[in-house]
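Remarks on the overall topology
Here is how the chains run, residue by residue.
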Amino acid sequence: MKVGVDRRDATAASADAIAVGLFESEGKEDHLPAGLARVDKATGGQLAAAWKRKELRGKRKEVTVFHTTNTRSRVLVVGLGARGSFSAETVRRAAAEVVRALKGKGARTLAVHLGSFVDGPVTAGGAARAITDGAVLGGYEFLRYRTSTEGTVEEVAVHLGDDHAPEERGLAGEVAEQATVAECVVWTRDIANLPADTATPERLAEEARALGKEVGVKVTVFDEKQLQKMGCGGILAVGGGSVHPPRMIVLEYAGGTRRGRTVAVVGKGITFDSGGISIKPAAQMSAMKFDKSGAVAVLGIVRAAALLKLAPRVVGVMCCAENLPSGSAYRPGDVVRTYSKKTIEVLNTDAEGRVVLSDGLAYAVDQYRPDEVIDLATLTGAQVIALGDAMGGLMCPDDRLAAGLLNASAATGEPVWRMPITDYHRDLVKSEVGDVRNSTEITVAGMLTAAAFLENFVGTTPWAHLDIAGPAHGIATTRKYQPAYQNPGATGFGVRLVTRYLQDLGRT
Ligand code: BES
Ligand code: MN
Ligand code: ZN
């Protein structure tokens, strides 16, 4: 989808559809709200008439379609709720609702009346960015395996009108930057949505190599022989049960400044998680094709960093393996030696994410001496129990890094909640046979014991762990509670959040 700005009024362009926002409180006023008044003429006074008969309430998620006197166009009025609870997130959702409402309705171009989405804490720039996010993400569909498509909006123009035309240059820049980030999210979704027969570890390596050529980042792929030499016993153990061998993929974006920070971003890339010998129940096992979402988010983050020419150097590490049961699979009771030389007692082959990450985290810290390391992983079912499927868990003993990520989370609308790691959790993952064990004898605080496990492999480097088991993919049963820009399937969660964090680092 193309997004840009247009200095004219929304009605001046001959777009297939025009979108205007409407606040709820305005329903109590007598006069037609300014935003609606601007476009009413195009509808031949239908908006004013609908307003009079109290058809337009401005409630959130309410989209009302009006036909204009120009036969190829129409006006969509989208509810924004009360002014008091208005935020950029409201705009993001509203834009997605408009694009969704136009799906399969023969509308290729959309003109958005910016002024009607600017109020209180939401500046013109904030609204323009949120419209960009909502439209691009809300318009996304995974089409690879569909033989037909209903068609959706392909071009969005954010119309400034007299009120905002003087800010044209700044707004055009903000929209272009956000369109790049949002495009990286849908690019990530397209890979994360691939099923496990296609998205093998080697295929993810090919995607990384192609990205390297496209945006000019260095890509190194370690195959099973090299992983053996390097001592990456964790990734090898988890990948041992599959005919698709494991890979560790490293991407290096050099950064925009000579002496910038180095941030390592490490992702869990289990292309399918059957649980292995500790096999999972059949129900919803298909969703375990999304168990690579952390690693694919790393690809998307590196892509965004390179396209936006961000200041920090970014090292991406993807720990890719397929967790299947077979005669060559690792078993409960096995002890594996990892890159850091620390040993892991395997008590449950379904706690495989932490096993592959032990190599990736230690490798990143040892080889690149980063200023900080952030990992993204669909790590535990306990994360979904604790925080649900709309929010991720943030485990981060370093207050500065945590604050930066929480800021980025608030700015992007990708919610995460900070959770603790204490000595209680650390003790629970100590092993009597090896250094650490990958599971505990009783199920308590599963998200936190997993984090306490990972902490053993980052040394003293400031580290943040994002458990994205819930928000990495949308599920049909909770879909109506989710924002309209989160489609079913892979969401690309974490790309906007971590990219924002990297953007903010460049400024400080
Ligand atoms: N990939 C799963 C976690 C998961 C569960 C992601 C549900 C998305 C939705 C992970 O590898 C796993 O199986 N974790 C186990 C760990 C346990 C065996 C210690 C879990 O959470 O049950
Ligand atoms: Mn598992
Ligand atoms: Zn898993």
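Bear in mind that the values here come from a model prediction, so they are computed numbers and not experimental data. (Residues numbered from 1 in each chain as written. Chains lettered and ligands numbered in written order. Predicted model: local features only at pLDDT ≥ 70, side-chain atom pairs only at ≥ 80, totals over all residues. Heavy atoms only, no water.)

Here we look at the overall build of the chain
As a reminder of what qualifies: Numbering of helices and strands runs from the N terminus; a helix is a DSSP stretch of H or I covering at least four residues, while a strand is a stretch of E covering at least two. The globule rule used for comparison is 2.2 Å times the number of residues to the exponent 0.38, while the radius of gyration itself is calculated over C-alpha atoms. Contact criterion: two residues are considered in contact whenever any of their non-hydrogen atoms come within 4.5 Å of each other. Exposure was quantified through the Shrake-Rupley algorithm and a 1.4 Å probe, taking into account, for residues, occlusion by the shown protein chains and nothing else. We score Asp and Glu as negative and Lys and Arg as positive, and we do not count His or the chain ends. Here the site of a charge means NZ on Lys, CZ on Arg, CG on Asp, or CD on Glu.
What the chain contains, in helices and strands, is 16 helices and 19 strands. Against the 2.2 N^0.38 benchmark of 23 Å for 508 residues, the chain shows a C-alpha radius of gyration of 24 Å, consistent with a compact globule. Judged by the C-alpha coordinates and their principal axes, the chain covers about 80 × 50 × 45 Å. Within the chain, counting contacts between residues at least 6 apart in sequence, those at least 24 apart form 77% of the total. Total accessible area on the chain stands at roughly 20,300 Å², and carbon and sulfur atoms take up 51% of it. Of the charged side chains in the chain, 60 are positive and 58 negative, and the gap between their average positions amounts to 3 Å.

With respect to the packing of helix H4 (residues 124-138) against helix H6 (residues 168-192)
Each pair of packed helices can be described by the angle between their axes along with the distance between the axes. So the rule is basically this: For helices, the axis comes from a line fit to the C-alpha atoms of the stretch in contact; other axes are also lines fit to C-alpha atoms, and the angle between any two N-to-C directions lies between 0 and 180 degrees. By definition in this entry, angles of less than 35 degrees are roughly parallel, angles greater than 145 are roughly antiparallel, angles of 65 to 115 are roughly perpendicular, and the rest are oblique. Crossing chirality is assigned from the near helix's rotation relative to the far helix, an anticlockwise turn below a right angle marking it left-handed and a clockwise turn marking it right-handed. Asp, Glu, Lys and Arg are counted as charged, while Ala, Val, Leu, Ile, Met, Phe, Trp, Tyr, Cys and Pro are counted as nonpolar; the rest, among them Gly, fall into the polar class.
For the pair H4 and H6, the least separation of the axes is 9 Å and the interaxial angle reads 25°. By the angle between their directions, the pair H4 and H6 is classed as roughly parallel. Viewed along their axes, H4 and H6 form a crossing whose handedness is right-handed. Two secondary-structure elements touch here, H4 through Ala-124, Gly-125, Ala-128, Arg-129, Thr-132, Asp-133, Val-136 and Leu-137 and H6 through Leu-171, Glu-174, Val-175, Gln-178, Ala-179, Ala-182, Glu-183, Val-185, Val-186 and Arg-189. Its residues placed into classes, the contact of H4 with H6 shows ten nonpolar, three polar and five charged.

A closer look at the site of ligand 1
The cut-off we apply is this: The nearness test applies per residue and asks whether one of its heavy atoms lies within 4 Å of the molecule or strand. Whenever a nitrogen or oxygen atom comes within 3.5 Å of another N or O atom, the pair is scored as a polar contact, on the condition that within protein one atom can donate a hydrogen and the other can accept it, and that pairs from neighbouring residues in sequence are kept only if both atoms are in side chains.
Neighbouring ligand 1 are 15 residues, the closest being Asp-273, Lys-280, Asp-291, Asp-350 and Gly-381. Asp-350 is positioned with one of its side-chain polar atoms (N or O) 2.8 Å from an oxygen atom of ligand 1. A distance of 2.7 Å separates an oxygen atom of ligand 1 from a polar atom in the backbone of Gly-381. In isolation ligand 1 offers 520 Å² of accessible surface; the protein chains occlude 77% of this area. Its residues placed into classes, the shell around ligand 1 shows four nonpolar, four polar and seven charged.

Brief notes about the sheet that holds strand E12 (residues 343-345)
Where we set the bar: Paired strands, in this sense, are two strands between which DSSP finds at least two bridges.
Within the open sheet, the three strands sit side by side as E11-E12-E16. Their pairing is mixed. Each of the sheet's edge strands pairs with one partner strand only, and the pair in question is strand E11 (335-337) and strand E16 (436-437). Two strands pair when backbone bridges link them, and E11 and E12 are joined in this way by three bridges, in the antiparallel orientation. Each residue of the ladder has a partner; that of Val-335, found in E12, is Glu-345.

Let's talk about the coordination of the manganese ion (ligand 2)
For clarity, the cut-off: In this analysis a donor is any N, O or S atom within 2.8 Å of a metal ion (3.2 Å for sodium, potassium and calcium), and since water is not included, sites may seem incomplete.
Within the protein, the atoms that donate to the manganese ion (ligand 2) are Asp-273 (OD), Asp-350 (O), Asp-350 (OD) and Glu-352 (OE), at distances of 2.1 to 2.2 Å. Counting the intervening residues between successive donors of the manganese ion (ligand 2) yields the motif D-x76-D-x1-E. In this structure, the manganese ion (ligand 2) lies 3.2 Å from the zinc ion (ligand 3), and both are coordinated by Asp-273.

Remarks on the pairing of strand E17 (residues 463-467)
Applicable threshold: Residue burial is assigned from relative accessible area. The probe radius is 1.4 Å, only protein chains are included, and a residue is buried under 20% of its type maximum, exposed over 50%, and partly exposed in between.
Among the five residues that make up E17, five are buried, leaving the element largely enclosed by the rest of the structure. Here E17 shows a buried face lined by Trp-463, His-465 and Asp-467 and a second buried face lined by Ala-464 and Leu-466. Bridge count for strand E13 (residues 372-377) against E17 is five bridges, and the pairing is parallel. Directly across from Val-373, in E17, lies its bridge partner Trp-463. Here strand E14 (residues 392-395) pairs with E17 via three bridges, running antiparallel. Residue Met-395 lies in a different strand from E17, and its bridge partner there is His-465.

Section: helix H7 (residues 201-215)
Spelled out, the test is: By this rule the span expected of a helix is its residue count minus one, scaled by 1.5 Å.
Taking 1.5 Å per residue, 15 residues should reach 21 Å; H7 reaches 21 Å between its end C-alpha atoms and fits that length. Buried within H7 we find Pro-201, Arg-203, Leu-204, Ala-205, Glu-207, Ala-208, Leu-211, Gly-212 and Val-215. Of the residues one or two after H7, Gly-216 is the one with positive phi, at around 75°.

A word on the pairing of strand E4 (residues 74-79)
Across the six residues that make up E4, a large majority, six, are buried. The alternating pattern of E4 places Arg-74, Leu-76 and Val-78 on one face and Val-75, Val-77 and Gly-79 on the opposite face, and all of these are buried. One ladder, built from five bridges, connects strand E2 (residues 17-22) with E4; its direction is parallel. Each bridged residue has a counterpart across the sheet, and for Ala-19 the counterpart in E4 is Leu-76. The pairing of strand E3 (residues 63-67) with E4 spans five bridges and is antiparallel. What sits directly across from Val-65, in E4, is Leu-76. Between E3 and E4, which pair antiparallel and follow one another directly, the connecting turn spans six residues.

Description of the domain arrangement of the chain
As a reminder of what qualifies: Reported domain spans reflect what an automatic or database domain assignment gives. As a working definition, buried area equals the accessible area (1.4 Å probe) given up by two parts on being put together, with both sides summed. Any carboxyl oxygen of Asp or Glu that lies within 4 Å of a side-chain nitrogen of Lys or Arg is treated as forming a salt bridge with it.
Once the domains are mapped, the chain shows domain 1 (2-162) and domain 2 (186-507). Relative placement of domain 1 and domain 2: their C-alpha centres are 37 Å apart. On the domain 2 side, the residues contacting the 16 residues of domain 1 number 19 residues. Counting the surface lost from both domain 1 and domain 2, the interface buries some 1,600 Å², and carbon and sulfur atoms represent 52% of this. The largest per-residue losses of area from domain 1 upon contact with domain 2 belong to Arg-100, Leu-137 and Tyr-140, which jointly make up 41% of the total buried on that side. With a shortest N-O distance of 3.2 Å, Asp-133 and Arg-496 are connected by a salt bridge. Where the side of domain 1 that touches domain 2 is concerned, the elements lending two or more residues are helix H3 (88-101) and H4. The element best represented in the side of domain 1 that touches domain 2 is H3, accounting for six residues. Of the residues in the side of domain 1 that touches domain 2, the class split is six nonpolar, two polar and eight charged.

Describing the packing of H7 against helix H10 (residues 293-307)
It is the contact of H7 with H10, at a shortest axis distance of 11 Å, that shows an interaxial angle of 5°. Here H7 is positioned roughly parallel relative to H10, judged by the angle of their axes. Each of Leu-204, Glu-207, Ala-208, Leu-211, Glu-214 and Val-215 in H7 lies in contact with H10, whose residues at this interface are Val-296, Leu-299, Arg-303, Ala-306 and Leu-307.

Notes on the coordination of the zinc ion (ligand 3)
Spelled out, the test is: Geometry is assigned from donor-metal-donor angles: four donors are tetrahedral when every angle falls between 85 and 135 degrees, four are square planar and six octahedral when opposite donors sit over 155 degrees apart with all other angles between 65 and 115, and any other arrangement is irregular.
Coordination of the zinc ion (ligand 3) by the protein is provided by Lys-268 (NZ), Asp-273 (OD), Asp-291 (OD) and Glu-352 (OE), with metal-donor distances spanning 2.0 to 2.4 Å. Of note is the zinc ion (ligand 3), whose six donor atoms meet at the metal with angles of 79 to 171° in an arrangement that counts as octahedral. All donors to the zinc ion (ligand 3) come from one chain, and their sequence spacing reads K-x4-D-x17-D-x60-E.

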